[in-house]
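# Inside the fold
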Amino acid sequence: ELPTLINMTVLLVFVGLVFLCDSLADSKPNVVIIYADDLGWGDLSCYGHPTIVTPNLDQMADEGMRFTQFYTANAICTPSRAALLTGRLPVRSGMYGTWNNSKENVMTQVLHADGVGSLPHNETTLPELLKTANYHSKIIGKWHLGIQRDSWPLDFGFDEFYGTPMMHGPNEGNQSVFPDMQLINNTEVCA
């Protein structure tokens with residue numbers, strides 16, 4: 001079942017937002033940002049979790065730089081991703097709430113399949129800034145900052161994208177309905 005598999009991946013494996021920046025100059029370091037939904041800093045073995053084993057992440061932590069004090073701008077995925085990419089509070093980019101097109105016509109904090117909106121195209125993003133320093137950027141996983149085709153990662157400075165534009169469907173009661181997930185390779189729908 002694809003929705004169950006995707007849900008498990010999101011919760012357990014860190015299918016958040018990953019920037020993989022390959023430096024074009026030998027003197028520049030690689031930059032990898034792992035942005036995960038529903039993952040606490042204590043959920044990794046390198047931070048002392050007694051039962052969850054994360055050897056690959058532990059190796060990255062041992063060989064790289066660890067940030068042990070970090071706050072996200074919001075507890076919900078859409079506004080927190082917008083803040084990470086822009087360096088601004090979600091309210092400044094308009095990503096603190098979105099209107100959905102359901103019968104209730106209510107404001108929600110994440111983009112849904114029946115919603116409208118995206119990160120504004122006039123925002124300066126981290127991959128755009130990294131590009132000025134000759135970095136190549138890639139996002140793997142959930143984008144969740146624009147569902148429409150003109151609001152995918154390549155439209156905001158990323159060089160490559162492999163993932164899905166969103167994960168949430170419209171809410172029906174207490175159940176989130178997952179639409180058919182689109183798997184995207186750059187701009188092509190794979191599945």
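Above: the structure in question.
In this report, we go over the structure that sits alongside the text. The residue numbering used here restarts from 1 in each chain and proceeds along that chain's sequence as written. Under the rules for a predicted model, residues below a pLDDT of 70 receive no local features and side-chain atom pairs below 80 are neither given nor counted, while totals for whole chains, interfaces and linings still include all residues. Side-chain numbers come from the whole structure's heavy atoms, not from hydrogens or water.

Each residue is assigned to one of three classes by its accessible area relative to the maximum for its type, calculated with a 1.4 Å probe on protein chains only: buried under 20%, partly exposed between the two thresholds, exposed over 50%. Only DSSP runs of H or I with at least four residues qualify as helices, and only runs of E with at least two residues qualify as strands; both kinds are numbered from the N terminus onward. Looking at helix α2 (residues 55-63), one finds that the buried residues are Leu57, Asp58 and Ala61. Buried residues of α2, seen end-on, are gathered within an arc of 105° and therefore sit on one face of the element. Those residues of α2 that are exposed and angled more than 90 degrees off the buried face are Pro55, Asn56, Asp62 and Glu63. Buried residues along α2 sit in contact with β2 (31-35). When we speak of the arc, we mean the arc of directions from the helix axis to the C-beta atoms. Residues are treated as being in contact if the distance between any of their heavy atoms lies within 4.5 Å.

Pairing of aromatic rings covers Phe, Tyr and Trp, the last through its six-membered ring, and needs centres within 6.5 Å; plane angles under 30 degrees mean stacked, over 60 mean edge-to-face, and all others mean tilted. Tallied over the entire structure, the rule returns 2 aromatic pairs. With centroids separated by 5.7 Å and ring planes inclined at 35°, the aromatic side chains of Trp143 and Phe156 adopt a geometry described as tilted. Note that Trp143 is positioned in the loop between β6 (138-142) and β7 (160-164) and Phe156 in the loop between β6 and β7, a separation of 13 residues in sequence. No difference in accessibility class separates Trp143 from Phe156, as the two residues are buried. Look at Trp143 and Phe158: their rings are 6.0 Å apart centre to centre, the planes differ by 90°, and that puts the pair in the edge-to-face class. In this pair, Trp143 is assigned in the loop between β6 and β7 and Phe158 in the loop between β6 and β7, connecting sequence segments 15 residues apart. Under the relative-accessibility criterion, Trp143 is labelled buried at 0%. Given the relative accessible area of 3%, Phe158 is considered buried. Among the aromatic residues, those joined into a ring-pair cluster are Trp143, Phe156 and Phe158. Any Lys NZ or Arg CZ that is within 6 Å of a ring centre and within 35 degrees of that ring's normal is treated as a charge sitting over the ring. The ring of Tyr47 carries the charged tip of Arg66 above its face, separated from the ring centre by 5.0 Å.

With that out of the way, let us pick up a nonpolar patch on the surface. Within the patch definition used here, like charges are joined within 9 Å and nonpolar side chains (Val, Leu, Ile, Met, Phe, Trp, Tyr) within 5 Å, considering only residues with over 30% relative accessible area and no salt bridge. Computed with the Shrake-Rupley method and a 1.4 Å probe, the accessible areas treat only the protein chains shown as cover for residues. Take a side-chain nitrogen of Lys or Arg and a carboxyl oxygen of Asp or Glu: if they are within 4 Å of each other, that pair is a salt bridge. On the surface, Val32, Ile34 and Met60 cluster together into a nonpolar patch covering about 220 Å² of accessible area. Topologically, Met60 is positioned in helix α2.

Below, the discussion takes up helix α3 (residues 77-86). A large share of α3 lies buried, amounting to 9 of its 10 residues. Of the residues making up α3, those classed as buried are Cys77, Thr78, Pro79, Ser80, Arg81, Ala82, Ala83, Leu85 and Thr86. Gly87 occupies a position one or two residues after α3 and carries a positive phi of about 75°.

Residue placement: Trp41 occurs in the loop between β2 and α2. On the basis of relative accessibility, which here comes to 62%, the residue Trp41 falls in the exposed class. Here the alpha-carbon distance between Trp41 and Phe67, two residues 26 residues apart in the chain, equals 9.9 Å.

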